Amino acid sequence: MAASPEMRASDGDRDKVASVLREHYAQGRLTVEEFDERLERLYTSKTYGELATLTSDLPGVDLRNLPDVAEQRRQKELAERKKRKDLVEHWSFWAVASSINWVIWFIIGATDGFDFPYPWPLWVMGPWGAILLVGTIATKLGWDDKS
């Protein structure tokens, strides 16, 4: 942390200490009551010294090496935005290809005296659209996460 325990702590510092407490709780070093009590004290702490007392009886963790919570949140938002962009892109390709097939189908039918053939573009649209739909649902439900 900082050299002086009297220095004011930031929200980011409190978030890092909260992740340390969560990690120690997950490893069984803290009970539920101790964890809750320390979290309450954490969010009312103002200085580095107050933050240090919350973890003084726990094995040392270098807070500078912990991932920044805000950075993790930003990375997650970027990943979600990329997923949405990819979905829109896939559906756009499907819509353009389907439209082109229907235009070709219409031109064939119109040049044959409006005697339209079997609607073969459905064989392009249907399977491709079904696969995209399953992929979209899987993405929305989080089934495609690699974690």
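Going by the structure above, here's the rest.
Here is a short report on the structure shown in this document. A quick note: this is a predicted structure, and the numbers were derived from the prediction, not measured. (Residues numbered from 1 in each chain as written. Predicted model: local features only at pLDDT ≥ 70, side-chain atom pairs only at ≥ 80, totals over all residues. Heavy atoms only, no water.)

## Quick word on the pattern of salt bridges
As a working rule, side chains carrying opposite charge can pair if their charged atoms are close by.
Next up, step 1: On inspection of all chains with the given rule, the structure shows five salt bridges.
Next up, step 2: For aspartate 11, the salt bridge is made with arginine 14, and the minimal N-O distance between the two is 3.1 Å. Placement of the pair is aspartate 11 and arginine 14 together in helix α1 (residues 11–26), with a separation of three residues, close to one helical turn.
Next up, step 3: For aspartate 11, a relative accessible area of 54% corresponds to the exposed category.
Next up, step 4: Of the charged contacts in the structure, one is a salt bridge between glutamate 37 and arginine 41, with a shortest N-O distance of 3.5 Å. Of this pair, glutamate 37 and arginine 41 both sit in helix α2 (residues 32–44), four residues apart, which is roughly one turn of that helix.
Next up, step 5: For arginine 41, a relative accessible area of 36% puts it in the partly exposed group. (Salt bridge = Lys/Arg side-chain N within 4 Å of Asp/Glu carboxyl O. Helix = DSSP H or I, 4+ residues; strand = E, 2+ residues; numbered from the N terminus. Buried < 20%, exposed > 50% of the residue type's maximum accessible area, 1.4 Å probe, protein only.)

## A look at the packing of aromatic side chains
Next up, step 1: A complete count under the given rule lists six aromatic pairs for this structure.
Next up, step 2: Residues tryptophan 91 and tryptophan 94 carry aromatic rings whose centres are separated by 5.3 Å and whose planes lie at 80° to one another, so their mutual orientation is edge-to-face. Taken together, the residues tryptophan 91 and tryptophan 94, both in helix α4 (residues 69–111) and three residues apart, mark about one turn of the helix.
Next up, step 3: According to the relative accessible area criterion, tryptophan 91 is partly exposed, its value standing at 26%. (Phe/Tyr/Trp six-rings, centres within 6.5 Å; stacked < 30°, edge-to-face > 60°.)

## Some thoughts on the nonpolar core
Next up, step 1: One finds Ala9, Val17, Ala18, Leu21, Leu30, Phe35, Leu42, Tyr48, Leu51, Leu54 and Leu58 forming the largest nonpolar core, which totals 11 residues.
Next up, step 2: At the level of secondary structure, the elements contributing two or more residues to this core comprise α1, α2 and α3 (48–55).
Next up, step 3: Filtering out sequence-adjacent residues up to four positions away, leucine 54 remains in contact with Leu21, Arg38, Arg41, Leu42 and Ser45. (Core = buried A, V, L, I, M, F, W, Y, C linked by side-chain atoms within 4.5 Å. Contact = heavy atoms within 4.5 Å.)

## Some words on a nonpolar patch on the surface
Next up, step 1: Together, Val103, Phe106, Ile107, Phe114 and Phe116 make up a nonpolar patch on the protein surface, roughly 490 Å² of accessible area in all.
Next up, step 2: Look at phenylalanine 106 and you get partly exposed, because its relative accessible area is 44%. (Patch = residues over 30% accessible without salt bridge, like charges linked within 9 Å, V, L, I, M, F, W, Y side chains within 5 Å. Areas by Shrake-Rupley, 256 points an atom, 1.4 Å probe, with all protein chains shown as cover.)

## Looking at a negative patch on the surface
Next up, step 1: Together, Glu33, Glu34, Asp36 and Glu40 give the surface a local cluster of negative charge.
Next up, step 2: Position of glutamate 40 among the secondary structure elements: in helix α2. (Lys, Arg positive; Asp, Glu negative; His and termini not counted. Charge placed at Lys NZ, Arg CZ, Asp CG, Glu CD.)

## Describing the packing of α1 against α3
Next up, step 1: Axis separation between α1 and α3 bottoms out at 10 Å; the angle between their running directions is 5°. Put simply, α1 runs roughly parallel to α3. Between α1 and α3, the contacting residues are Asp13, Arg14, Val17, Val20 and Leu21 on the first element and Tyr48, Leu51, Leu54 and Thr55 on the second.
Next up, step 2: Taken together, the residues of the contact of α1 with α3 break down into six nonpolar, one polar and two charged. (Axes fitted to C-alpha atoms, helices over the stretch in contact; angles between N-to-C directions. Parallel < 35°, antiparallel > 145°, perpendicular 65-115°, else oblique. Nonpolar A, V, L, I, M, F, W, Y, C, P; charged D, E, K, R; others polar.)

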